[in-house]
Each structure stands twice: as structure tokens, then as C-alpha cells.
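Single-letter residue listing:
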Amino acid sequence: MSETLNGRDDEARAEQVYQLVLEGIVAGKYEQGGRLRERELSELYNVSRIPVREAIQRLEQDGFVETFPRRGAIVRQLTLTDVNELFDVRLCLETFAARMAAVRVAEGEPGGRLQKLLDEARQGIDDGRTDDVVRLSAAFHAEIVRLSGNRLLIESVKPLFGRMRWIFGLAHNRSNELQRDEHAELCSAILAGKAELAYTLAYSHIELGREPVLAGLAETLEP
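Residues numbered from 1 in each chain as written. Predicted model: local features only at pLDDT ≥ 70, side-chain atom pairs only at ≥ 80, totals over all residues. Heavy atoms only, no water.

**A word on helix α3 (residues 49-61)**
For α3, spanning 13 residues, the distance from its first C-alpha to its last is 18 Å, which sits close to the expected 18 Å at 1.5 Å a residue. Among the residues making up α3, those that are buried are Pro51, Val52, Ala55, Ile56 and Leu59. Projected onto a plane normal to the axis of α3, the buried residues spread over an arc of 140° and lie on a single side. Of the residues trailing α3, glycine 63 is marked for its positive phi of about 90°. (Helix = DSSP H or I, 4+ residues; strand = E, 2+ residues; numbered from the N terminus. Expected span 1.5 Å × (residues − 1). Buried < 20%, exposed > 50% of the residue type's maximum accessible area, 1.4 Å probe, protein only. Arc of directions from axis to C-beta.)

Here you go:
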């Protein structure tokens, strides 16, 4: 029984380390190209190296970290190709999610959390809390995916939203007010159960964000 509990403890610790390091990468605490040393992380988070190693392996699987012989784990260097590919995948997945979210709301699924996130983001814009606005924007999109009810999609896009927060934290060249208005239209379409309109608005919103983000990162990222 104790071995099972220890295994669960290690799994929980690995999840905690994963989230802490991921937040550090997104916030710029761990810079692109910087090393992630197991010993330092285990001391910082007061855990053994086993959950640290597991967290790093998961971060590598999710595209945030690369490992090299004799160098160990390195925070991945993003490229403009990475950014373009992120938008391409979002156009495929999030538009489908928006359509299905509207269908499910029309069938009776509660959509109150989507409106709540929109309202919180509005308040964040009014208060000038840029970091919170980026976080709430990602949460808004994640809630649309959750509302789709597709469990495989929900699990598949978790790393995607971490990548979104990372990239948008580096370059956020569209006005928050413009994005707020687009989110409001998309939210209204979903809550009204208008599936095809939700699909179209989601596509437009994502595509309109591509060029400003690419322009903002063109001088700092390799092709």
C-alpha cells in the first residue's frame, strides 16, 4: 500500500513541478535557450529528482523543452514557423470547438462560465492588468473547447493553450479592446446556440490575430 501511495505522491509532485516550470517558461523566468538543471529545480521546489525528471519529459513532449546529450534540458527556442503552425492548428481545432459549443449550449449545456471569463477580461482591460488579460483570454478559448464536450479534443489542446500564453506574452500587438469586442461577439453567438456563426467568428478572430503576432516577433525569432 505504501508503494502505491508513494507512486501517487511522485505523480502529484511531477504535476506540480510541470505546472511551476511551465508558468516560469510562459512568464519568461526560464528564458528560451536556458538550461533547466534537475538538481537546481529539485532544490527550488523541494522534491527529489524523480518528479523533476518526469516533469521535464512531459514539457519536452508538449513542445516547451528540448533535451540534448551532455547539455540536458533546454527551454525551446521558438521560431516564426512555430507561431504560424500554432495558428494553423487553432484554425482547425478551435473553430470546430466553437461550433460544437454552440450546439451543446442550444441543447441545454450551461454557458455561464464563458460569460464570466469575458466579464473578468473586460475588468482586467479596464484596470490595465495586461498579464491577467492574456491569461483570461487563453482561459476564454479553453472554456470554448471544454464546452464542445469532446474529451479527446479537451485533452489534446492543453499544451496548445500553454503555447498560446507563451507566444502572446512575447508579442501582443492587437489592442485588447479589439480582442474584447471579438470575444464578446463569439460569446454571444455560442450562448445563442448559433453554431455556424460561432464557427465563422472563431475563424475570423484567430486569423486576424496571426499577422500582428508574427510582425511583433519578426525581429526576435528566427524563421
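**Thoughts on the nonpolar core**
If you look at soluble globular proteins, the nonpolar side chains tend to sit buried side by side. Formed by 59 residues in total, the largest nonpolar core has its most connected members in Val21, Ile144 and Ile190. Ranked by residue count, the leading element in this core is helix α4 (residues 80-106), at ten residues. Setting aside chain neighbours within four positions, we find isoleucine 190 in contact with Ala98, Ala101, Ala102, Val105, Leu114, Ile144, Leu147 and Ala198. (Core = buried A, V, L, I, M, F, W, Y, C linked by side-chain atoms within 4.5 Å. Contact = heavy atoms within 4.5 Å.)

**Thoughts on the packing of aromatic side chains**
Summed over the entire model, instances satisfying the criterion amount to two aromatic pairs. Ring plane angle 35° and centroid distance 5.7 Å describe the contact between phenylalanine 64 and tryptophan 166, whose orientation is recorded as tilted. With a gap of 102 residues between them, phenylalanine 64 in the loop between α3 and β2 (65-68) and tryptophan 166 in helix α8 (residues 158-170) connect regions that are remote in the sequence. The same class applies to phenylalanine 64 and to tryptophan 166, which are both buried. Here the aromatic rings of phenylalanine 87 and phenylalanine 168 are separated by 6.2 Å at their centres, their planes lie at 55°, and the arrangement is tilted. Of this pair, phenylalanine 87 sits in helix α4 while phenylalanine 168 sits in helix α8; the two residues are 81 residues apart in sequence, bridging distant segments of the chain. By relative accessible area, phenylalanine 168 is classed as buried at 14%. The cationic tip of arginine 71 hangs over the ring face of phenylalanine 68; the distance from NZ or CZ to the ring centre is 5.2 Å. Across from the ring centre of phenylalanine 64, 5.8 Å away, lies the NZ or CZ of arginine 163, which sits over that ring. (Phe/Tyr/Trp six-rings, centres within 6.5 Å; stacked < 30°, edge-to-face > 60°. Lys NZ or Arg CZ within 6 Å of the ring centre and 35° of its normal.)

**Thoughts on helix α2 (residues 38-45)**
Helical geometry note: an α-helix holds 3.6 residues per turn, so side chains three or four residues apart project in the same direction. For α2, every residue scored as buried is listed here: Leu41, Ser42 and Tyr45. Seen along its axis, α2 keeps its buried residues to an arc of 100°; they face one direction. For α2, the exposed residues lying more than 90 degrees away from the buried face are Arg39 and Glu43. Backbone geometry just after α2 places asparagine 46 at a positive phi near 55°.

**Topic: the pairing of strand β3 (residues 72-75)**
When strand β1 (residues 35-36) meets β3, the two strands line up antiparallel, connected through two bridges. Bridging from a neighbouring strand, leucine 36 pairs with alanine 73 of β3. With four bridges connecting them, β2 and β3 associate as antiparallel partners. Paired with threonine 67 across the bridge in β3 is alanine 73. Joining the antiparallel neighbours β2 and β3 is a turn of three residues, in which arginine 70 adopts a positive phi near 70°. (Pairing = 2+ DSSP bridges.)

**Looking at the environment of phenylalanine 87**
When its relative accessible area of 1% is taken as the criterion, phenylalanine 87 is described as buried. C-alpha separation for the pair phenylalanine 87 and glutamate 207, spaced 120 residues apart in sequence, amounts to 7.3 Å. Phenylalanine 87 has contacts with Phe168, Ile206, Gly209, Arg210 and Val213, leaving out every residue within four places of it along the chain.

**Describing the environment of asparagine 84**
Along the polypeptide, asparagine 84 turns up in helix α4. A residue is classified by how much of its surface remains accessible, and asparagine 84, at 29% relative accessible area, is partly exposed. Spatially, the C-alpha atoms of asparagine 84 and arginine 210 are 7.4 Å apart, while their sequence positions differ by 126 residues. Residues in contact with asparagine 84, not counting those within four places in the same chain, are Arg210 and Leu214.

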